[in-house]
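Breakdown of the fold
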Amino acid sequence: MTEMAPHRLPLRLGILISGSGATLENLAAAIARRELSAQITTVIASNDTCYGIQRARRLNLPVTVISRKQAAPPLSLEAFSRQIAQHLRHHRVELVLMAGFLSLWQIPDDLAGKVMNIHPALLPKFGGAGMHGHHVHEAVLAAGEKESGCTVHFADNTYDHGPIILQKRVPVLPTDTTETLARRIFEQECLAYPEAVRLFAAGKLK
């Protein structure tokens, strides 16, 4: 495969969230510091109770809830995925960033290679359904791993699967708890995701 052509800047981002919105806030801060030539054109939340919605509103970012379980009647995977894709197209999103988005969705062909995810472990280890947040760090500590970190990858239609873009590593210390390990890995996530976006914008990814 050849490298992609550089994208027109600022890059139009769509952010998908399910939880606290900390990754969303980090990306917005990187843009505000002019470390990232991008604009967040829309935020999609998978439930109406996630704290990330409040963060998005404080940042004056447009946020929409698209939920499978909270819809009446609940949405099929196909309908859920179609609503997400249609919303992203409507906002002319050029790159989709899953930022703690816990709902699997089917990525259509026109968005293939345009959806990234960040995972708080060194994939392919400690990934898959149910492996998110503190569950990942608990599993890393229980396995006696000496090293962990974060992975940015292109997403496909399987949890935590798809071509790896970059990884950042941290040591697992003998004194680590899930909280201390999570904090140290999140510091690296704050560097890794903007770096991956810059590579995409510059056309340096295959």
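All values derive from a computational prediction rather than experimental measurement.

Regarding the overall build of the chain
Looking only at helices and strands, the chain has 5 helices and 7 strands in total. Ordering the α and β elements of the chain from the N terminus gives β-α-β-α-β-α-β-β-α-β-β-α. A globule of 206 residues ought to have a C-alpha radius of gyration of about 17 Å, and the chain, at 16 Å, matches this closely. The principal-axis extent of the C-alpha atoms belonging to the chain is close to 50 × 40 × 35 Å.

Comments concerning the sheet that holds strand S3 (residues 63-65)
Taken together, 7 strands build an open sheet; the order of strands is S3-S2-S1-S4-S5-S6-S7 and the sheet is mixed. Of all the strands in the sheet, just S3 and strand S7 (164-171) have a single pairing partner and so form its edges. Across the sheet, the mean angle from the axis of one strand to that of its neighbour is 20°, orientation sign disregarded. When strand S4 (residues 95-99) meets strand S5 (residues 115-119), the two strands line up parallel, connected through 3 bridges. Along S5, the bridge assignment pairs Met-98 with Asn-117. Across the sheet, helix H1 (residues 22-32) touches strand S1 (11-17), strand S2 (38-45) and S4, and the angle it forms with S2 is around 165°. On the sheet, helix H5 (residues 178-201) packs against S1, S4, S5, strand S6 (147-154) and S7 and is oriented at approximately 155° with respect to S7.

What about the nonpolar core?
If you look at the biggest cluster of nonpolar residues, it comprises 42 residues, and the most contacted ones within it are Leu-13, Ile-15, Leu-97, Met-116 and Val-152. Top contributing element to this core by residue count: H5, with 8 residues.

Digging into helix H3 (residues 77-90)
Between the first and last C-alpha of H3 there are 20 Å, a value that for 14 residues agrees with the 20 Å anticipated at 1.5 Å per step. Every buried residue of H3 is accounted for by Ala-79, Phe-80, Ser-81, Ile-84, Ala-85, His-87 and Leu-88. Buried positions along H3 lie against S1, S2, S3 and S4. Looking one or two residues past H3, Arg-92 carries a phi angle of roughly 55°, positive in sign.

Rules behind the numbers
- Residues numbered from 1 in each chain as written.
- Predicted model: local features only at pLDDT ≥ 70, side-chain atom pairs only at ≥ 80, totals over all residues.
- Heavy atoms only, no water.
- Helix = DSSP H or I, 4+ residues; strand = E, 2+ residues; numbered from the N terminus.
- Rg over C-alpha atoms; globule rule 2.2 N^0.38 Å.
- Pairing = 2+ DSSP bridges.
- Axes fitted to C-alpha atoms, helices over the stretch in contact; angles between N-to-C directions.
- Contact = heavy atoms within 4.5 Å.
- Core = buried A, V, L, I, M, F, W, Y, C linked by side-chain atoms within 4.5 Å.
- Buried < 20%, exposed > 50% of the residue type's maximum accessible area, 1.4 Å probe, protein only.
- Expected span 1.5 Å × (residues − 1).

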